[in-house]
Amino acid sequence: MNKAKPTTIVIFGASGDLTRRKLIPALFQVSLEGLLAKGTRIVGFARREKSHEQFRVEIEEALVEFTRSKPSAGSPELKVFSSSCYYQTGNYDNSKSFHDLKELLERLDKENGISSDKGNRLFYLATPPTVFSGIVGMLGQTGHIADPNDEERWTRVIIEKPFGRDLETASALNKNLSAILDERQIYRIDHYLGKETVQNIMAFRFGNSIFEPLWDRRYVSHVHITVAESVCVEGRGGYYDSSGALRDMVQNHMLQLLALIAMEPPASFAPDAVRDEKVKLLSAIPPIGASEVNECSIRGQYAAGTIDGKLIPDYLRENGVKPDSVTETFVALKLYVDNWRWAGVPFYLRTGKALAGRLTEVNIEFRQPPLALFSHMQEGEERSRMKPNMLSLRVQPNEGIRLSIGMKVPGQKMVLEPQDMEFCYQDVFDVEAPGAYERLILDAILGDTTLFIRQDEVEAAWKLVNGVIDGWASEEVPHIHLYRAGTWGPYAADEFITNDIRKSKAL
Ligand code: BG6
């Protein structure tokens, strides 16, 4: 592993939830594990007036609450970490604030023995997307950005999601960023790529020889990708209502899962080799045209129900949600990948909020054997219960891999039933996997872009979902199916997928 160089990490949006719950705990964890260089500093930047001291108190509180290693309040490691944190009050559109920030950063460099203009900078944009371009513009104007070819120091910028709200806004944002930054300096984050089990999809596919030969249209009947959440909008009603499940989950996390499952083997594990393959895959998916939307998608919205004994109100009654909103809290989509490997194999994507459980899983269903040798040998009760082979990659929770195969039930008769061969991470590896943000922030410090989204990749993903957005927007009466909170989504989605699989098998 490369060694991290001393870096000053500036978090814009330092008063926000993401900073408190994810970013600061991730930085603490990697620092605790000795993965950050000595002299690494963290600077929070936000509008609220605050002293360094107040910021440090908040940081320690957040660490006690949200860090996976559960440090106790007032412990020496908390003090050491918080003493490396600083705060800068400022406005995102005010050049004076950015000059003040520059002064602070140079003072910290000096204390670290780094000469002026030689400090490495990682800027993390954990702000609402409306200010992404403005912040990068200000950083450029006020001299914060290093020459990308400078070998002695670097500047990198992590951009949070949502990256645009459609193809047009994403391309405009890309254009604004590339006016100031080189693509090598832009790190578009998708935290799903930092998840250990998502990375394991690549290890599983390309580090083993036995599955890859089966990984195509000759053997695979169809693929399900499911990201079910039992949480609702969690106080983010305003954001969510203008976004919906398609933009919030499919455009980014789910298409990334699909890309990793279906892409061709990269020529190497170099960042651009992997990203080239993902872009090729996304570009091979024919976008759903506005007129086909009803044949390829089902959208739903949750109504009141119960989850874990707790009463959940209608989505329409959540704070920040318009009372007549038609925003989808559930979506099911059917996509095809028009390439040599996958032509004709449907990929069903399904995600939703307020569902019966939390589950992210990829299920690959294989074709039935060409001849059903065992299905008609017994009568009545003992008839074989044959099911197609299924490979399940469980991303969360209970991370693991399951292969379902038909086995003979012991006895005089030839009766088969499906049984699972299972592997569970927790049982095998006695170490806790690093959190997604730990991995990704560290990669950005090390300059590894493999797990970040490239410009063409984000645009290819938007191109795909744009047709669905347009199709839905053009419906006079929106086809939105209500489902009860605490169920697995609208009945119409199950029916759509089951019927579709039946039809494709009959072909
Ligand atoms: C975020 C979405 O990107 O991912 C949230 O904005 C969603 O709505 C979250 O809840 C899911 O992430 P995870 O890691 O909990 O599966």
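Residues numbered from 1 in each chain as written. Predicted model: local features only at pLDDT ≥ 70, side-chain atom pairs only at ≥ 80, totals over all residues. Heavy atoms only, no water.

K.L.:
How would you explain the packing of helix 5 (residues 132–141) against helix 6 (residues 167–180) if you had to name every residue and give the values?
P.N.:
Helix packing geometry: the angle between the two helix axes and the distance between the axes. It is at 9 Å that the axes of helix 5 and helix 6 come closest, and there the two elements cross at 10°. The orientation of helix 5 with respect to helix 6, classified from their angle, is roughly parallel. On helix 6, the residues that touch Phe132, Ser133, Val136, Gly137 and Gly140 of helix 5 are Leu173, Asn176, Leu177 and Ile180. When the residues that make up the contact of helix 5 with helix 6 are grouped by side-chain class, the tally is five nonpolar, four polar and no charged. (Axes fitted to C-alpha atoms, helices over the stretch in contact; angles between N-to-C directions. Helix = DSSP H or I, 4+ residues; strand = E, 2+ residues; numbered from the N terminus. Parallel < 35°, antiparallel > 145°, perpendicular 65-115°, else oblique. Contact = heavy atoms within 4.5 Å. Nonpolar A, V, L, I, M, F, W, Y, C, P; charged D, E, K, R; others polar.)

K.L.:
Give a description of the domain arrangement of the chain that names residues and reports values.
P.N.:
If you check the domain split of the chain, you get domain 1 (8–160) and domain 2 (193–366 + 430–435 + 454–506). Computed over C-alpha atoms only, the centres of domain 1 and domain 2 are separated by 33 Å. (Domains from an automatic or database assignment.)

K.L.:
Could you give an account of the site of the ligand, naming the residues involved and the relevant values?
P.N.:
Neighbouring the ligand are the residues Lys161, His191, Tyr192, Lys195, Glu229, Arg236, Asp248, Met249, His253, Lys353, Arg358 and Gln396. Asp248 has a polar side-chain atom sitting 2.6 Å from an oxygen atom of the ligand. The contact in question runs from an oxygen atom of the ligand to an N or O atom on the side chain of Gln396, over 2.8 Å. Across the complex, the protein chains shield 82% of the 400 Å² of accessible surface that the ligand would expose by itself. For the shell around the ligand, the per-class residue count stands at two nonpolar, three polar and seven charged. (Near = heavy atom within 4 Å. Polar contact = N/O pair within 3.5 Å; in protein donor to acceptor, adjacent residues only side chain to side chain. Areas by Shrake-Rupley, 256 points an atom, 1.4 Å probe, with all protein chains shown as cover.)

K.L.:
Go over the packing of aromatic side chains, please, and point to the residues and values.
P.N.:
Throughout the structure, instances matching the rule amount to 18 aromatic pairs. Here the aromatic rings of Tyr187 and Phe452 are separated by 4.9 Å at their centres, their planes lie at 75°, and the arrangement is edge-to-face. One end of the pair, Tyr187, is in strand 6 (residues 186–188); the other, Phe452, is in the loop between helix 13 (436–446) and helix 14 (455–474), and 265 residues separate them in sequence. Judged by relative accessible area, Tyr187 falls into the buried class, the value being 2%. Phe452 sits in the buried class, given a relative accessible area of 0%. (Phe/Tyr/Trp six-rings, centres within 6.5 Å; stacked < 30°, edge-to-face > 60°. Buried < 20%, exposed > 50% of the residue type's maximum accessible area, 1.4 Å probe, protein only.)

K.L.:
I'd like to hear about the sheet that holds strand 1 (residues 7–12), residue by residue, with values.
P.N.:
With respect to topology, six strands assemble into an open sheet ordered 3-2-1-4-5-6, the strand pairing being parallel. The sheet is open, and its two edges are formed by strand 3 (85–89) and strand 6, each paired on a single side. With strand direction ignored, the average angle separating the axes of adjacent strands in the sheet is 20°. Where strand 5 (residues 155–159) lies against strand 6, three bridges are found, and the strand directions are parallel. Of the residues in strand 6, the one forming a bridge with Val157 is Ile186. (Pairing = 2+ DSSP bridges.)

K.L.:
Can you tell me about the nonpolar core, naming the residues and giving the values?
P.N.:
One recurring pattern in soluble globular proteins: nonpolar side chains tend to sit buried together. Core analysis: the largest hydrophobic core is formed by 145 residues, its most contacted members being Phe12 and Leu255. A per-element tally of this core places helix 9 (residues 244–262) first, with 12 residues. Residue contributions to this core reach at least three from each of two domains, namely domain 1 (8–160) and domain 2 (193–366 + 430–435 + 454–506). Setting aside anything within four residues of it in sequence, one finds Phe12 in contact with Phe45, Tyr92, Phe98, Leu101, Phe123, Tyr124, Leu125, Ala126, Thr127, Ile135 and Leu139. (Core = buried A, V, L, I, M, F, W, Y, C linked by side-chain atoms within 4.5 Å.)

K.L.:
Tell me about the pattern of salt bridges, and name the residues and values.
P.N.:
Under the counting rule described, the total for this entry stands at 35 salt bridges. Each of the salt bridges in this network shares a partner with another, and the network as a whole consists of Asp272, Arg275, Asp276, Arg454 and Asp456. (Salt bridge = Lys/Arg side-chain N within 4 Å of Asp/Glu carboxyl O.)

K.L.:
Now, about a nonpolar patch on the surface: what can you tell me, with residues and values included?
P.N.:
Nonpolar side chains collect at one region of the surface, where Val428, Phe429 and Val431 lie side by side and expose about 310 Å² of accessible area between them. One can find Val431 in the loop between helix 12 (425–428) and helix 13. (Patch = residues over 30% accessible without salt bridge, like charges linked within 9 Å, V, L, I, M, F, W, Y side chains within 5 Å.)

K.L.:
So what about the sheet that holds strand 17 (residues 480–484)? Which residues, and what values?
P.N.:
Strand pairing in a sheet relies on backbone hydrogen bonds, with the paired strands running either antiparallel or parallel. Strand order in this open sheet of nine strands is 16-15-14-13-7-12-11-8-17, and the pairing throughout is mixed. Of all the strands in the sheet, just strand 16 (416–424) and strand 17 have a single pairing partner and so form its edges. Neighbour to neighbour, the strand axes of the sheet diverge by 20° on average, direction disregarded. Helix 9 contacts strand 7 (220–228), strand 11 (330–335), strand 12 (347–352), strand 13 (359–366) and strand 14 (390–396) of the sheet and is inclined by roughly 140° relative to strand 12.

K.L.:
Can you tell me about the pairing of strand 15 (residues 400–408), naming the residues and giving the values?
P.N.:
Bridge analysis of strand 14 against strand 15 gives five bridges, and the strand direction is antiparallel. Its bridge partner lying in strand 15, Leu391 is registered against Leu403. Strand direction decides the pairing type here: strand 15 and strand 16, joined by nine bridges, are antiparallel. Its bridge partner being in strand 16, Ile401 is matched across the sheet by Phe423.

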